[in-house]
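# Overview (structure and organization)
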Amino acid sequence: MNDLVSSVPPAFLKDGANPYPELYRRDYAAQSPAYAPIYKTSVLRSPRNALLSIDHSVSETTGPMFGQNELGMLDNDLILNYAKDGEAIGPRIIVHGYILDENGRGLPNTLVEFWQANAGGRYRHKNDTYLAPIDPNFGGCGRTLTDENGYYYFRTIRPGAYPWRNYVNSWRPAHIHFSLFGNAFAQRLITQMYFEGDPLIKVCPIIKTIPDEEAIQRLIAPLDLNASVPDDTMAYRFDMVLRGRRSTLFENRLEGN
Amino acid sequence: MSVKYLKETASQTAGPYVHIGLAPHQAGFDIFQNNFDNNLVSATTRGAQIIIEGRVFDGSGSLVRDALIEAWQANADGRYNHPGDRQKTGSVDPNFRGWGRACTDFESGIYRFYTVKPGCVAGREGKVQAPHINLWIVARGINMGLNTRIYFADEEKANESDPILRGIELKKRRDTLIAKPSQKDGKTIYTFDIVLQGENETVFFDV
């Protein structure tokens, strides 16, 4: 801690100066509005008042940190982490990539959590009643920490599409949910990854709430044959970006606690 | 030519099955050895132990029973367990990360956090922020996580000079961020309901 303080330019330490480098302001033009009637559930769950913009204090520029010792050996292997009497059924895939900030720097030691339906499009969840069967050997969730370069990877099966009640005959494209922390609570983000070539992407109301076509394209993971394991597992590449900081003074100091 | 930055990834809803990934016990199964939950404290955590309890309502006044809420807070000294906290007073409590996650119950719609009451935290320009807990709320139908704060009704004086509360023009809206204390079985419970939309809509922040 003392090291950190001594490395900070005096301007940051003066009384009245910012306590800690702030995050860049969020670009809402590339984010879904809260109220997006094509996604019907958003209608009653979207605030009507404008968000109150606040300057960042230490409450926003810090966030929880996690250590490798909190995770299990198989937490990033969805083919094995719920295996009972066999392996999960479905196309075996690796998903990998970098968690970057808007400055293009990898975010090290940050928790990445993911969850998904099984190959038939069914979730292991007490509220999911879709008729596709539960896979007894597939839980459908995992987590990992990024390495010192912000790189992450995990192994899973490719999830299936499934129907949902929005319009009659609405189907979600195959997707994996991601939860990201970064190193500040103001970076907290949940998103979804889609698969290159899925025809359901362009008709999905949840995707269409995003007003920016390029932002949509960035949620679609391309097939990555170079990272595939021959005769074993295909790979998809998915990079994600969290808000940047005004300063990178803090880099490499975010060890897990 | 403007400077090129990468763009923040688009947020997408956490969906109805968020529990699978972030709270598998609530989804109905057990998979991880170590689960993240709504208990932020251990027996050795410094400070006054409290319970935060509340419900989440939608624009029709109905309970939102599938929300996930995360809390991030300073310890009893007002210090965050993070090297970016450069406050000169108090100290980090090694037994307190200051973070937890809770889900609204599928039946009752109630969420709870077991934590300690945070201390005052430095604000910008020498100002002091009243004790508060930062919240982030996701659910089906919420396209991007909503940020708000819990303040404490019994911190009247600190609340009066809090720079964030003072920035909320209408008192009625300010009051949506104030949790009220009560006693039950010798424990202090602060009630904090979150209203996503409509009358008494909670103040949410663009952080």
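Up top you'll find the structure we're talking about.
The notes below deal with the structure included here. Computed from a predicted model, the values in this text were never measured in an experiment.

### Re the overall build of chain B
When helices and strands are counted, chain B shows five helices and 12 strands. Counting all 207 residues of chain B, 59% fall into the buried class. Taking as baseline every contact in chain B between residues at least 6 positions apart, the subset at least 24 positions apart corresponds to 68%. Carbon together with sulfur atoms contributes 48% to the accessible area of chain B, which is approximately 8,400 Å² in total.

### Some remarks on the environment of A:Thr156
Residue and element names in this part refer to chain A. In this fold, Thr156 is placed in strand S5 (residues 151–157). Through-space distance from the C-alpha of Thr156 to that of Phe138 is 9.2 Å; in sequence the pair is 18 residues apart. Each residue touching Thr156, except ones within four places of it in the same chain, is listed here: Leu78, Ile79, Pro91, Arg92, Ile93, Val95, Gln116, Phe138 and Ile176. A polar contact is formed between the side chain of Thr156 and the side chain of Gln116, at a distance of 2.9 Å.

### Points about the side chain of A:Asn137
Residues and elements named next belong to chain A. With respect to the helices and strands, Asn137 occurs in the loop between strand S3 (111–116) and strand S4 (141–145). A relative accessible area of 6% means that Asn137 is categorised as buried. Engagement of the side chain of Asn137 in a polar contact is seen with the backbone nitrogen of Asp85, the distance being 3.0 Å. A distance of 3.4 Å separates a polar side-chain atom of Asn137 from the backbone nitrogen of Gly86. Apart from residues no more than four positions distant in its own chain, Asn137 is found in contact with Ile79, Tyr82, Ala83, Lys84, Asp85, Gly86, Glu87 and Ala88.

### Considerations on the layout of surface pockets
Reported here for the largest pocket is a volume of approximately 750 Å³. What lines the largest pocket is a set of 32 residues, among which A:Asn127, A:Trp164, A:Arg165, B:Pro16 and B:Tyr17 lie closest to the centre. Of all the secondary structure elements, the ones that give two or more residues to the lining of the largest pocket are strand S6 (162–164) and strand S7 (170–172) of chain A. Of the residues contributing to the lining of the largest pocket, the split by class is 14 nonpolar, 10 polar and eight charged.

### Overview of the nonpolar core
In terms of nonpolar packing, the biggest core is built from 39 residues, with A:Val95, A:Phe178 and A:Phe238 touching the most fellow members. When residues in this core are grouped by element, the largest group, four residues, is from strand S9 (residues 189–195) of chain A. Grouped together as the second largest cluster of nonpolar side chains are 34 residues, A:Leu71, A:Phe181, B:Ala23 and B:Trp136 included.

### Some details on the sheet that holds S4(A)
All names here are of chain A. Read from one edge of the open sheet, five strands run S4-S3-S8-S9-S10, paired in mixed fashion. If you trace the sheet from one side to the other, it starts and ends with S4 and strand S10 (220–221), each paired once. In this sheet, S4 lies alongside S3 in antiparallel orientation, the contact comprising five bridges. Each residue of the ladder has a partner; that of Val112, found in S4, is Thr144.

### As for unusual backbone geometry
Residues and elements named next belong to chain A. With a phi close to 50°, Asn109 is a non-glycine residue in the positive phi region. Looking at where Asn109 falls in the secondary structure, it is placed in the loop between strand S2 (92–101) and S3. Residue classification places Asn109 among the partly exposed residues on the basis of a relative accessible area of 24%. One non-glycine residue, Asn169, lies in positive phi territory at about 70°. Note that Asn169 resides in the loop between S6 and S7.

Rules used throughout
Residues numbered from 1 in each chain as written. Chains lettered and ligands numbered in written order. Predicted model: local features only at pLDDT ≥ 70, side-chain atom pairs only at ≥ 80, totals over all residues. Heavy atoms only, no water. Helix = DSSP H or I, 4+ residues; strand = E, 2+ residues; numbered from the N terminus. Buried < 20%, exposed > 50% of the residue type's maximum accessible area, 1.4 Å probe, protein only. Contact = heavy atoms within 4.5 Å. Areas by Shrake-Rupley, 256 points an atom, 1.4 Å probe, with all protein chains shown as cover. Polar contact = N/O pair within 3.5 Å; in protein donor to acceptor, adjacent residues only side chain to side chain. 1 Å grid on protein atoms, 1.4 Å probe; cavity = no way out; pocket = protein on both sides within 12 Å on 5 of 7 lines; lining within 4 Å. Points joined across faces, edges and corners; volume = space filled by probe spheres on them. Nonpolar A, V, L, I, M, F, W, Y, C, P; charged D, E, K, R; others polar. Core = buried A, V, L, I, M, F, W, Y, C linked by side-chain atoms within 4.5 Å. Pairing = 2+ DSSP bridges.

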